[in-house]
Amino acid sequence: MALEHALLVSLSEREGSGYELARRFDRSIGFFWAATHQQIYRVLRRMEEAGWVTHTDVAQEGRPDKKVYRVAKAGAAELTRWLAEPIEPTMLRDELGVKLRGASLGDQAAVLREVERHRAEHAARLEAYRAIECRDFPRPAKLSGRELHQYLVLRGGVRAEQSFTEWCDEVVRALRSDGAR
């Protein structure tokens, strides 16, 4: 997926400035597709040149005007095309797995510490996802349309983080019983 498609999805949900889009990436879409603020602004310019988005200048008191972007007809057509396009299943590509595979070749205790650090990060992300789920989707059985789709993506994140956290627990137990401290 290109960043352009993630931005088209976000702008289709709600128009916004580059700053607002960057904040959305920090809080929601960014859990599944990362982008820096600079990348977002650069891609928005390209998308505007391609006719996929347009903007309106909005005056701000004491600051430069902000550009509020929205999806143009060509962008909606591109999004429709992309949504219908098949994609390859994602292959797990995890540097931590490679480190673990090579643990016997180096400092096993250092690898254990790294697994524990990753476990903590994934557990924190899992708790953040669960908090979002409770706050934004208290009655999932009543969801439909866009809200259902957002919920299902969040559930995928919950499951992935839960699985990764459980795997890290398994690895930590195994490494400790193998003598790594």
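Please read all numbers here as calculations on a predicted model, not as lab measurements.

1. A look at the domain arrangement of the protein
(1) Moving on: In terms of domain boundaries, the protein breaks down into domain 1 (1–84) and domain 2 (95–179).
(2) Moving on: A C-alpha centroid distance of 29 Å is found between domain 1 and domain 2.
(3) Moving on: Each partner contributes residues to the interface: domain 1 has five residues there, and domain 2 has eight residues.
(4) Moving on: Summed over both partners, the interface of domain 1 with domain 2 comes to about 500 Å²; 65% of that surface belongs to carbon and sulfur atoms.
(5) Moving on: Per-residue buried area on domain 1 facing domain 2 is highest for E13, F31 and F32; these three make up 91% of the total on that side.
(6) Moving on: The tally of links from domain 1 across to domain 2 stands at zero salt bridges.
(7) Moving on: The tally of links from domain 1 across to domain 2 stands at three residue pairs in polar contact (both at pLDDT 80 or more).

2. Focus: helix α2 (residues 18–27)
Every α-helix carries 3.6 residues per turn, so stepping three or four residues along brings you back to the same face.
(1) Moving on: Looking only at α2, the buried set comprises G18, L21, A22, R24 and F25. Down the axis of α2, the buried side of the element spans an arc of 155°, and every buried residue falls inside it.

3. With respect to the sheet that holds strand β3 (residues 63–71)
(1) Moving on: Pairing is antiparallel across the open sheet formed by three strands, whose spatial order is β1-β3-β2. At either end of the open sheet lies a strand with only one pairing partner, and these are β1 (16–17) and β2 (53–60).
(2) Moving on: Its contacts with the sheet place helix α1 (residues 3–13) against β1, β2 and β3, and it is angled at close to 95° to β3.

4. Focus: the nonpolar core
(1) Moving on: One finds L3, L7, F25, I40, L44 and M47 to be the most contacted residues of the largest nonpolar core, which totals 19 residues.
(2) Moving on: Residue assignment for this core shows that the elements contributing at least two residues are α1, α2, α3 (37–49) and α4 (73–84).
(3) Moving on: Excluding anything up to four places from it in sequence, L7 contacts L21, F25, I40, V43, L44 and M47.
(4) Moving on: Formed by ten residues, the second largest nonpolar core is a distinct cluster that contains A103, L112, V115 and V171.

5. Looking at the pattern of salt bridges
(1) Moving on: This model, assessed by the stated rule, comprises twelve salt bridges.
(2) Moving on: Linking K66 and E20 is a salt bridge whose minimum nitrogen-to-oxygen distance equals 3.2 Å. Placement of the pair is K66 in strand β3 and E20 in helix α2, with a sequence separation of 46 residues.
(3) Moving on: K66 sits in the partly exposed class, given a relative accessible area of 25%.
(4) Moving on: Under the relative-accessibility criterion, E20 is labelled partly exposed at 30%.
(5) Moving on: A salt bridge links D136 to R135; the nearest nitrogen and oxygen atoms lie 2.7 Å apart.
(6) Moving on: The partly exposed category is assigned to D136, whose relative accessible area is 38%.
(7) Moving on: On the basis of relative accessible area, R135 is assigned to the exposed category, the value being 59%.

Conventions adopted
Residues numbered from 1 in each chain as written. Predicted model: local features only at pLDDT ≥ 70, side-chain atom pairs only at ≥ 80, totals over all residues. Heavy atoms only, no water. Domains from an automatic or database assignment. Contact = heavy atoms within 4.5 Å. Buried area = accessible area lost by both parts, 1.4 Å probe. Salt bridge = Lys/Arg side-chain N within 4 Å of Asp/Glu carboxyl O. Polar contact = N/O pair within 3.5 Å; in protein donor to acceptor, adjacent residues only side chain to side chain. Buried < 20%, exposed > 50% of the residue type's maximum accessible area, 1.4 Å probe, protein only. Helix = DSSP H or I, 4+ residues; strand = E, 2+ residues; numbered from the N terminus. Arc of directions from axis to C-beta. Pairing = 2+ DSSP bridges. Axes fitted to C-alpha atoms, helices over the stretch in contact; angles between N-to-C directions. Core = buried A, V, L, I, M, F, W, Y, C linked by side-chain atoms within 4.5 Å.

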